[in-house]
Amino acid sequence: MGEVYRQLAFVSSVLGGFAISFFGVMLTTPADRRLAPWAAATALAAAIAFVVVALGSTFSAAVVATLPAGATVPAAVARQHRSLSVLFLGAIVVLLTSFAVSGFTRSKRMGIVTMTCAALGSIAVIWVMSPFLS
């Protein structure tokens, strides 16, 4: 269980850093692009969610690592795993939403392409993650 928390913390921190970088890029988009603030806001929301998942997973991993051999994971930590997994999944979908919206800052055609890619990516992520949301 500790390795699951460590991996979730690592992946969340990497994706959170990427989301913060994307947020910064969207802030530099010209002000005449009316959807740029929405792309920036969703990137920021994803970054914050990834930070929460990274912190929760890191502290959960620390608790699990200090347990004696054969001990059961405390109930509060075990319950938190599902919440962290759902928040992680939600953060990915919100980040993909940011990508979808950002395409419209260039053109309608690019927006359709990014929206299609983000929708397919969201479906794939939900499909891949659903067995792990226990």
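Residues numbered from 1 in each chain as written. Predicted model: local features only at pLDDT ≥ 70, side-chain atom pairs only at ≥ 80, totals over all residues. Heavy atoms only, no water.

K.L.:
Hey, could you run me through the overall build of the protein in this one?
P.N.:
Looking only at helices and strands, one finds four helices and zero strands in the protein. When the helices and strands of the protein are placed in sequence order, the string is α-α-α-α. Oriented by its inertia axes, the alpha-carbon framework of the protein measures out at about 60 × 25 × 15 Å. Counting over 134 residues, the protein shows a buried share of 37%. For the protein, the proportion of contacts with a sequence separation of at least 24, taken over those separated by at least 6, is 78%. For the protein, the accessible surface area stands at approximately 7800 Å², while carbon and sulfur atoms represent 74% of it. (Helix = DSSP H or I, 4+ residues; strand = E, 2+ residues; numbered from the N terminus. Buried < 20%, exposed > 50% of the residue type's maximum accessible area, 1.4 Å probe, protein only. Contact = heavy atoms within 4.5 Å. Areas by Shrake-Rupley, 256 points an atom, 1.4 Å probe, with all protein chains shown as cover.)

K.L.:
Just to check I follow, could you spell out a nonpolar patch on the surface for this structure?
P.N.:
On the surface, Ile20, Val51, Leu55 and Phe59 cluster together to form a nonpolar patch covering roughly 390 Å² of accessible area. Broken down by element, the residue count for the nonpolar patch peaks at three residues, all from helix H2 (residues 36-65). Residue position: isoleucine 20 is located in helix H1 (residues 2-27). (Patch = residues over 30% accessible without salt bridge, like charges linked within 9 Å, V, L, I, M, F, W, Y side chains within 5 Å. Salt bridge = Lys/Arg side-chain N within 4 Å of Asp/Glu carboxyl O.)

K.L.:
Would you explain the environment of threonine 29 in this entry?
P.N.:
Here threonine 29 is to be found in the loop between H1 and H2. If sequence neighbours within four positions are ignored, threonine 29 has contacts with Ala36 and Thr105. Side-chain polar atoms of threonine 29 contact the backbone oxygen of methionine 26, separated by 3.2 Å. (Polar contact = N/O pair within 3.5 Å; in protein donor to acceptor, adjacent residues only side chain to side chain.)

K.L.:
It is not clear to me how the side chain of threonine 105 should be interpreted in this structure. Could you clarify?
P.N.:
With respect to the helices and strands, threonine 105 occurs in the loop between helix H3 (75-103) and helix H4 (108-129). Polar contacts involving the side chain of threonine 105 include one to the main-chain carbonyl oxygen of serine 102, which spans 2.5 Å. Residue contacts for threonine 105: discarding those within four places in its chain leaves Met26, Thr29, Arg33, Leu35 and Ala36.

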